[in-house]
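Chain residues, written in single-letter form:
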Number of protein chains: 2
Amino acid sequence: MSVDSQNTSPTISLFEADALQLDSGASLSPVHVGYTVHGTLNAEASNAILICHALTGDQYCADSHPVTDKPGWWSRLIGPGKIIDTDKYCVICSNVLGSCLGTTGPSENNIETGKPWGLDFPVITIRDMVKVQAALIEALGIETLFAVIGGSMGGMQVLEWLASYPEKLFAAIPIATAAKHTAQNIAFHEVGRQAIMADPNWHGGKYLEAGTSPAKGLSVARMAAHITYLSEDALAQKFGRSLQDRDSVAFGFEADFQVESYLRHQGSTFVDRFDANSYLYITRAMDYFDISERTGGRLADAFKSASHVRCCVLSFSSDWLYPSPENKHYVRALITAGVRVSYTDIKSDFGHDSFLLEMPEIDRMLDGFLQRSSEAREI
Amino acid sequence: MSVDSQNTSPTISLFEADALQLDSGASLSPVHVGYTVHGTLNAEASNAILICHALTGDQYCADSHPVTDKPGWWSRLIGPGKIIDTDKYCVICSNVLGSCLGTTGPSENNIETGKPWGLDFPVITIRDMVKVQAALIEALGIETLFAVIGGSMGGMQVLEWLASYPEKLFAAIPIATAAKHTAQNIAFHEVGRQAIMADPNWHGGKYLEAGTSPAKGLSVARMAAHITYLSEDALAQKFGRSLQDRDSVAFGFEADFQVESYLRHQGSTFVDRFDANSYLYITRAMDYFDISERTGGRLADAFKSASHVRCCVLSFSSDWLYPSPENKHYVRALITAGVRVSYTDIKSDFGHDSFLLEMPEIDRMLDGFLQRSSEAREI
């Protein structure tokens, strides 16, 4: 079973006449995009917000997930009367290129062969993902987005919008992200990829044809990554050395500690909702991300056409995946480029995943920024 | 081929009459120990230094490794005229219980079955390892060690000596370690163990009988662990986003970046010299390590008989595996217990592995402490 058959959101077919030209030099036609819309586009089409999801996220930001039945990953922020108010804004979220919930990716069939793409799928970049989003927005009749918002890899997409399509933006909110992947970021991704590719059920990427799934490898990849989403403090507070359903250690290799049980659960539930090859492709896109590369290392130059965009940046003090200095780095570049930026480093013990958690300071910052920006936009 | 067949150091058989009683309640008899000795024990047997190795270390601290032919892992510090001077001291280093280079562990044959132990080997603890070291020291005719020295898991053994056999110590040097494993430490180890156990060539631990080796799983475990031995700064300085033998990314899943190539190399060379089950057992022993558990959470009480021991503690500012606060935690407990402690947090960009690197401040601290202590001991 291909994961994308589980998609229940609308899907649109793009790039039918003109193929999508990828950074790699390859092209794709057509490109399917799974997306969700909450709220109504106003007559001026001035109230659209694009939400960009993270590595293993999806378009189900506000409604329950078709596989897990869990609430949308940002449902605490998005909805009627909420901070990203769907009574006021038209909120769009699309599954990224290369993923597995309705958007074209390696688990989809290659129409030329009638078989799943597997590793024949072209390697993609964050810029390619954003190119697809820009085409979706255009197809939905939106010339200018009121705002583009995203955390983690979603934040990379926001930065890419600022670099590639600033003329289509009124406001932008990158959260807990970076303008390039560091050696340590790449290293963790490489461990995850090697774990997947070491699984014999991966079959050189052709597991869908083989009727198997590299579930164990993908689970290990998820476990390793999940540690980077938390902080040492968060793990200490949440689990410490507490034991799982026992009074003393069992002198064996079962999950004695709660943190082991938690990680195993994270790994085993992930494989039900995510495609292993999509994990390879999306992590690769993140590793390749370095906006300053296209302007000879001068990051500010990449944002030189974005000076009219209102920007709000949030980072988290305990985030060691995209730490505050990485966020400050692109904030400085945006300021150098003349962009009006509000930046807050929010004190939090919960690490990178803070952006997904209940945190009053996130709410206050987003609420204030969106209110003032919507007044300026006269929404 | 069993890894322990590659041992070329002397081996001693201990616990032949009285079995080794393990913390788990199980017992082992006999226990083989692979060890090395450099220098000569003086007439008073007062100049012996025990070196304790880290997770994947071994007894080859000062001479070349029988498998890799690389210089001993601390050969820069140990040798004639060096800081740990083998013209003056008798330096002993033994392979820990559960490892795979001459000391009894899961890859050795169980004499009752004639087959490799595999997962039938009893789960061991750091205290069990130190119990074996104490028996070795006694067998070598040494009543009191001049010093016990070790970094990382070697430092845990030093702390265990301070808690369990303080009467046999004159001085102790724990480096870059902790008195307990944190949730994050356990989490990283669990990822490594799951990677090994996910490899079908692991065969439930019976790979030696099956004539296979879970090399891919062990390699992934090593890669994940290796990231924790370095620091983000070290990775940035050493590799950054530099590409491996190419001018631009290849849009594929080969090792585009130097850091990927480096990690793959770390993984693939490790499997030639280390046994996968030993990796499971030793990581488990580290996870179980929490000295304060035996004294109701009061760490200082565990050291209450060690007040006569001279202690020197080193930590490294960029170590995020056993960060400075974890080291300060046991330093405070030692001080509370009345132990005379010198403590230095050495500023270093190179992370946990700093203790294995050329670093003049390490040399100065060790040299000064050993000189003063040897004068006090009248060596």
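What you are looking at is a predicted structure, and each value in this text was computed from that prediction instead of being measured.

Comments concerning the overall build of chain A
Step number 1: If you tally the helices and strands in chain A, you get eleven helices and 14 strands.
Step number 2: Computed over C-alpha atoms, the radius of gyration of chain A comes to 20 Å, within 12% of the 21 Å expected from 2.2 N^0.38 for 379 residues, which places it in the range of a compact globule.
Step number 3: Considering only C-alpha atoms, chain A reaches an extent of 65 × 50 × 45 Å along its principal axes.
Step number 4: Buried positions account for 57% of the 379 residues belonging to chain A.
Step number 5: The contacts of chain A with a sequence gap of at least 6 include a subset with a gap of at least 24, amounting to 71%.

Topic: the relation of the copies chain B and chain A
Step number 1: You can overlay chain B on chain A at an RMSD of 0.0 Å; the transform is a turn of 180° with a shift of 0.0 Å along its axis. Taken together, the turn and the small shift mark the pair as related by a two-fold rotation axis.
Step number 2: Most of the interface of chain B is mirrored in chain A, where 100% of its interface residues again form contacts.

Section: the interface of chain B and chain A
Step number 1: Contacts between chain B and chain A engage 41 residues on the former and 41 residues on the latter.
Step number 2: Counting only elements with at least two residues in the side of chain B that touches chain A, the list comes to α3 (183-198), α5 (215-229), α6 (232-238), α7 (258-270) and α8 (276-288) of chain B.
Step number 3: Residue contributions to the side of chain B that touches chain A peak at eleven residues, all from α3(B).
Step number 4: Looking at the side of chain B that touches chain A residue by residue, the class counts come to 24 nonpolar, seven polar and ten charged.

A few points about the domain arrangement of chain A
All names here are of chain A.
Step number 1: Here chain A is partitioned into domain 1 (3-180 + 291-377) and domain 2 (185-283).
Step number 2: Distance from the C-alpha centre of domain 1 to the C-alpha centre of domain 2: 25 Å.
Step number 3: Counting residues at the interface gives 27 residues for domain 1, matched by 21 residues for domain 2.
Step number 4: Residues belonging to the side of domain 1 that touches domain 2 are distributed by class as follows: 14 nonpolar, ten polar and three charged.

Description of the pairing of strand β5 (residues 48-52) of chain B
Residues and elements named next belong to chain B.
Step number 1: By the criterion of burial, β5 is predominantly enclosed, with five of the five residues buried.
Step number 2: A two-sided burial pattern is seen for β5, the buried positions comprising Ala-48, Leu-50 and Cys-52 on one face and Ile-49 and Ile-51 on the other.
Step number 3: Of the pairings in the sheet, the one linking β5 to strand β8 (residues 90-94) comprises four bridges and is parallel in character. Note on β8: the bridge partner recorded for Ile-49 is Val-91.

Describing helix α3 (residues 183-198) of chain A
An α-helical segment advances 3.6 residues per turn. Residues three or four places apart therefore align on the same side.
Step number 1: In this model, α3(A) (16 residues) spans 22 Å end to end at C-alpha, consistent with the 22 Å of a helix rising 1.5 Å per residue.
Step number 2: Burial analysis of α3(A) places 16 of its 16 residues in the buried class, which makes it a mostly covered element.

So, the nonpolar core
Step number 1: Ranked by internal contacts, the top residues of the largest apolar core, which has 260 residues, are A:Ile49, A:Leu145, A:Ala172, A:Ala224, B:Ile49, B:Leu145 and B:Ala172.
Step number 2: Residue contacts for B:Leu145: discarding those within four places in its chain leaves B:Ala48, B:Ile49, B:Leu50, B:Ile137, B:Lys168, B:Leu169 and B:Phe170.

Let's talk about unusual backbone geometry
Step number 1: Between A:Ser29 and the following residue, A:Pro30, the backbone shows a cis peptide bond with an omega angle of -10°.
Step number 2: Looking at where A:Pro30 falls in the secondary structure, it is placed in the loop between β3 (27-28) and β4 (31-38).
Step number 3: Of note in the backbone geometry, B:Ala45 takes a positive phi value of approximately 55° without being a glycine.
Step number 4: Despite not being glycine, B:Phe251 has its phi angle at roughly 50°, a positive value.
Step number 5: Considering the arrangement of structural elements, one finds B:Phe251 in the loop between α6 and α7.
Step number 6: We classify B:Phe251 as partly exposed; it has 18 C-beta atoms within 10 Å.

A closer look at the sheet that holds strand β8 (residues 90-94) of chain A
Residues and elements named next belong to chain A.
Step number 1: As summarised here, the arrangement of the eight strands in space is β1-β4-β8-β5-β11-β12-β13-β14, forming an open sheet in which the pairing is mixed. Edge positions in the sheet fall to β1 (11-14) and β14 (340-346), since each has one partner strand and no second. Direction aside, the axes of adjacent strands within the sheet are offset by 20° on average.
Step number 2: Lying on the sheet, helix α1 (residues 126-139) is in contact with β1, β4, β5 (48-52), β8 and β11 (145-151); it crosses β1 at an angle near 105°.
Step number 3: Along the sheet, helix α11 (residues 360-377) contacts β11, β12 (169-175), β13 (310-316) and β14; its crossing angle with β13, the most-contacted strand, is approximately 175°.

Let's talk about the sheet that holds strand β14 (residues 340-346) of chain B
The strands that make up a sheet are held in pairs by hydrogen bonds between backbone atoms, and each pair lies either parallel or antiparallel.
Residues and elements named next belong to chain B.
Step number 1: A sheet is described by the order of its strands in space; here eight strands give the open sequence β1-β4-β8-β5-β11-β12-β13-β14, paired in mixed fashion. Every interior strand has two partners, whereas the edge strands, β1 (11-14) and β14, have only one. Between one strand axis and the next, the sheet turns by 20° as a mean value, whatever way the strands run.
Step number 2: Where strand β4 (residues 31-38) lies against β8, four bridges are found, and the strand directions are antiparallel. Paired with Tyr-35 across the strands is Ser-94, a residue of β8.
Step number 3: Lying over the sheet, helix α1 (residues 126-139) contacts β1, β4, β5, β8 and β11 (145-151), oriented at roughly 105° with respect to β1.

Thoughts on helix α5 (residues 215-229) of chain A
Step number 1: Its 15 residues place the ends of α5(A) 21 Å apart at the C-alpha level, agreeing with the 21 Å of an ideal helix rising 1.5 Å per residue.
Step number 2: Counted residue by residue, α5(A) has 14 buried out of 15 residues, so it is predominantly covered.

Quick notes on the environment of A:Leu136
Residue and element names in this part refer to chain A.
Step number 1: Note on placement: Leu-136 falls in helix α1.
Step number 2: Using a count of 19 C-beta atoms within 10 Å as the deciding quantity, one classes Leu-136 as partly exposed.
Step number 3: For Leu-136 and Tyr-35, which are 101 residues apart along the polypeptide, the C-alpha to C-alpha distance reads 9.1 Å.
Step number 4: In this structure, Leu-136 is in contact with Ile-12, Leu-14, Val-33, Tyr-35 and Ser-94, ignoring residues within four places of it in sequence.

Conventions used here
Residues numbered from 1 in each chain as written. Chains lettered and ligands numbered in written order. Predicted model: local features only at pLDDT ≥ 70, side-chain atom pairs only at ≥ 80, totals over all residues. Helix = DSSP H or I, 4+ residues; strand = E, 2+ residues; numbered from the N terminus. Rg over C-alpha atoms; globule rule 2.2 N^0.38 Å. Buried ≥ 20, exposed ≤ 12 C-beta atoms within 10 Å, placed from the backbone. Contact = placed C-beta atoms within 7 Å. Least-squares fit on C-alpha atoms with pLDDT ≥ 70 in both. Nonpolar A, V, L, I, M, F, W, Y, C, P; charged D, E, K, R; others polar. Domains from an automatic or database assignment. Pairing = 2+ DSSP bridges. Expected span 1.5 Å × (residues − 1). Core = buried A, V, L, I, M, F, W, Y, C linked by C-beta atoms within 7 Å. Axes fitted to C-alpha atoms, helices over the stretch in contact; angles between N-to-C directions.

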